[in-house]
Amino acid sequence: MTPSILWFRRDLRLGDHPALLAAAEAGPVLPLFVLDDALLGPSGDARTAFLVRSLRALDADLRRHGPGLVLRRGRPEEVVPAMVRAAGAGAVHVSADFGPYGARRDAAVEDALGDLDGPVPLVRTGSPYAVAPGRITTGSGGPYKVFTPFHKAWTKHGWREPADSDPAAVDWVGAPPGHPSEDLPDEPDLGDVELPEAGEAAALARWEDFRGTAYDDVRDRPDLDATSRLSTYLRWGAIHPRTVLAGLDARNPHDATFRKELAWREFYAHVLHHWPESAREYFRPELKELPYVTGRAQRTRIDAWAEGRTGFPIVDAGMRQLLAEGWMHNRVRMIVASFLVKDLQVEWQHGAEHFMAHLVDGDLASNQHNWQWVAGCGTDAAPYFRIFNPITQGEKFDPSGDYIRRWVPELAELAGKDVHQPWRAGPPEGYPAPMVDHGEARKDALAAYQLLRRHG
């Protein structure tokens, strides 16, 4: 029988995999992953290392049922057609990609497959989302710009049950002669950075450990480390959101809150799909004229923020966690983002770029639009007045200071709430004084916004 190619991308798993199911129904399946330098180049060391580990885990899972993963490096529009010709494949199956680069790449591959002697289809089945971007529209047929009505429509629309893609029932085939699988690249040296275990089994285990927790009560507490930690696995497709949704009971308030967080992920994918320019440009362009620092002042502020030496403990703890784990608690992400944009007056794209370079769960849609939400130029209706106070945020969500003490050891000896304002008694040795006065920085940010409104 004529084989099909299953081209893995953001779906590094074998369970609940609609594209695998479609490929297997057509006959033998050749599992392929293309190492694409256009995506590897911007990735930081942590994300690259996690990808390598994820591919190694996928290969091990495939070898339980067949020859293993076929790995090739190069431009997808060249590699995929070459593999089709070598294998005599009749189709290439993929999970649809709705990101700006992914859509362009797939269009280029589709064109190249159409130029073969006897055109070969690129078959899109499923996506990384429970409800694919573009499927939900407003009453007038347009895209949603606001989360709340999107969430209502998303919930009403619903989603399918997990796909029954049994890898043991698939006729797997290996690399064709003359096109052997390449070796995985070496992992970057991460030093002391600790990443989560990669692979589908680890994702499912993490989901089982998290299920049933009191998520709504503790999700904003970085000191308790009680969030799902599923974002990394969802980003790489080691688990599908539909698998998670199938295990949630919306009548349970904790499950309902967690389901809403999944809806935010899908909303931002929806927004980026309809406004791909918002990956780099302001969703609300009228705020583009706000004043921001440039030149040497900008570089100095970004460096201090990125290295966790701003003199604001909750900010520094978050930035150091990012460097040490390739991950940061979501509440702290909002705090550090607000601090960079509103207190240090650095334009949001710089922070978004830093996050994408270091976050193992770095997802373009969620990352860029969460930054725009904090910066006040995103989909929120009246967001610019939201300026996080890094002191009161720390006192509220890290009340005992345990999170700060873990990541900022210079403050480990400070008792109680003193850890949130260490400068009261003079900053401890080795810890910097605050870079700015938050109260004054807040006034400046609001004054700049009001001036822009008057002259806009």
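In case you missed it, the structure is sitting above this.
The text that follows walks through the structure, step by step, so that each part is easy to find. Source: prediction; values computed, not measured. (Residues numbered from 1 in each chain as written. Predicted model: local features only at pLDDT ≥ 70, side-chain atom pairs only at ≥ 80, totals over all residues. Heavy atoms only, no water.)

Quick look at the overall build of the chain
Within the chain, the regular secondary structure consists of 19 helices and five strands. Taking the principal axes of the C-alpha coordinates as reference, the chain spans close to 75 × 50 × 50 Å. Across the 456 residues that make up the chain, the buried fraction comes to 55%. Here the analysis covers contacts within the chain between residues at least 6 apart in sequence; of these, 78% occur between residues at least 24 apart. Just so you have it, the chain exposes about 19,900 Å², and 49% of that area is on carbon and sulfur atoms. In the chain, 52 positive and 64 negative side-chain charges are present, and the distance between their average locations comes to 6 Å. (Helix = DSSP H or I, 4+ residues; strand = E, 2+ residues; numbered from the N terminus. Buried < 20%, exposed > 50% of the residue type's maximum accessible area, 1.4 Å probe, protein only. Contact = heavy atoms within 4.5 Å. Areas by Shrake-Rupley, 256 points an atom, 1.4 Å probe, with all protein chains shown as cover. Lys, Arg positive; Asp, Glu negative; His and termini not counted. Charge placed at Lys NZ, Arg CZ, Asp CG, Glu CD.)

What to know about the environment of R309
Tracing the backbone shows R309 in the loop between helix 12 (295–307) and helix 13 (313–325). Under the relative-accessibility criterion, R309 is labelled partly exposed at 39%. Sequence separation between R309 and A86 is 223 residues, and the spatial gap between their C-alpha atoms is 54 Å. Among residues more than four places away in sequence, those in contact with R309 are D303, A304, D316 and P432.

A look at the pairing of strand 1 (residues 4–8)
Each regular strand displays side chains that alternate between the two surfaces of the sheet. Taking burial as the measure, the five residues of strand 1 include five buried ones, the bulk of the element. Side chains of strand 1 alternate between two faces, with S4, L6 and F8 and I5 and W7 buried alike. In the sheet, strand 1 pairs with strand 2 (residues 29–35) via five bridges, with the strands oriented parallel. Looking across to strand 2, one finds that S4 is bridged to V29. Inspection of the sheet shows strand 1 paired to strand 4 (residues 92–94) by two bridges, in the parallel sense. Bridge pairing in strand 4 places I5 opposite V92. (Pairing = 2+ DSSP bridges.)

What about the packing of aromatic side chains?
Within the structure shown, the criterion is met by 21 aromatic pairs. Both rings, one in Y215 and one in F258, keep their centres 5.2 Å apart while their planes meet at 85°; by these two values the pair is edge-to-face. Taken together, the residues Y215 in helix 8 (residues 215–218) and F258 in helix 11 (residues 253–274) connect sequence positions 43 residues apart. This pair shows no difference in class: Y215 is buried, exactly as F258 is. Across the ring face of W327, the terminal group of R229 is positioned such that the distance to the ring centre comes to 3.7 Å. The ring of W236 has R235 sitting right over it, with the charged end atom 4.0 Å from the ring centre. (Phe/Tyr/Trp six-rings, centres within 6.5 Å; stacked < 30°, edge-to-face > 60°. Lys NZ or Arg CZ within 6 Å of the ring centre and 35° of its normal.)

Looking at helix 11
What sets the pattern is the α-helix's 3.6 residues per turn: residues three or four places apart point alike. The terminal C-alpha atoms of helix 11 lie 31 Å apart, and with 22 residues this matches the ideal 32 Å at 1.5 Å per residue to within 8%. Two or three places before H254, at the start of helix 11, stands the capping residue N252, its side-chain oxygen 2.8 Å from that residue's backbone nitrogen. (Expected span 1.5 Å × (residues − 1). Polar contact = N/O pair within 3.5 Å; in protein donor to acceptor, adjacent residues only side chain to side chain.)

As for the side chain of D220
Here D220 is to be found in the loop between helix 8 and helix 9 (231–236). Side-chain polar atoms of D220 contact the side chain of R331, separated by 3.3 Å. Ignoring anything within four residues of it in the chain, the contact list for D220 reads H329, R331 and F397.

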